[in-house]
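A look at the structure
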Amino acid sequence: MPIALNRDNFDQEVLRTTKIALVDFFATWCPHCRRLAPTIDDLYEEYKGKAVIGKVDVDASQDLTSEYGITGYPTVLFFKNGEVVEQFVGTQSKSIYQEALNKYI
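The text that follows walks through the structure, step by step, so that each part is easy to find. (Residues numbered from 1 in each chain as written. Predicted model: local features only at pLDDT ≥ 70, side-chain atom pairs only at ≥ 80, totals over all residues. Heavy atoms only, no water.)

**Some points on the overall build of the protein chain**
From N to C terminus, the protein chain includes 4 helices and 5 strands. Moving toward the C terminus, one meets the helices and strands of the protein chain in the order β-α-β-α-β-α-β-β-α. Computed over C-alpha atoms, the radius of gyration of the protein chain comes to 12 Å, within 12% of the 13 Å expected from 2.2 N^0.38 for 105 residues, which places it in the range of a compact globule. In the protein chain, which comprises 105 residues, the share counted as buried stands at 43%. Taken as a whole, the protein chain presents about 5,400 Å² of accessible surface, with 48% of it coming from carbon and sulfur. (Helix = DSSP H or I, 4+ residues; strand = E, 2+ residues; numbered from the N terminus. Rg over C-alpha atoms; globule rule 2.2 N^0.38 Å. Buried < 20%, exposed > 50% of the residue type's maximum accessible area, 1.4 Å probe, protein only. Areas by Shrake-Rupley, 256 points an atom, 1.4 Å probe, with all protein chains shown as cover.)

If you want it as structure tokens, here you go:
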């Protein structure tokens, strides 16, 4: 299960890790987000130990959502060394996310 991210653990889990981090900004009421959820779950299992895979509930963590300028859901950000290095808005294929992860591993 992807890490449930919020203000309390975001810095430690995402910004301070030496691994690539994939962060899915999602809303529980968003049908596209629900469609993407199994892909994010698969990526978590596939990249365990190699990457950080987490999810931010945009309604529960409006501060993070605002800080990263998230306006469309889902939005998937990739962080490396505390910086956003890739961004995808909307649902993409699993291979697109794998390609981005592999580029930074």
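Moving on from the model shown.
**Points about the pattern of salt bridges**
In this structure the tally under the stated criterion is 6 salt bridges. A single network of salt bridges, built from pairs that share partners, joins Arg7, Asp63 and Glu67. (Salt bridge = Lys/Arg side-chain N within 4 Å of Asp/Glu carboxyl O.)

**Some remarks on the environment of Lys19**
Of note, Lys19 is situated in the loop between helix 1 (7-15) and strand 2 (20-26). Its relative accessible area of 33% is what places Lys19 among the partly exposed residues. In the structure, Lys19 is positioned 63 residues away from Gly82 in sequence and 9.8 Å away in space, judged by C-alpha atoms. In contact with Lys19, not counting residues within four places along its chain, are Gly49, Lys50, Ala51, Val52, Phe79 and Lys80. At 3.4 Å, the side chain of Lys19 and the backbone oxygen of Gly49 are in polar contact. (Contact = heavy atoms within 4.5 Å. Polar contact = N/O pair within 3.5 Å; in protein donor to acceptor, adjacent residues only side chain to side chain.)

Nothing here speaks to function; it is all geometry.
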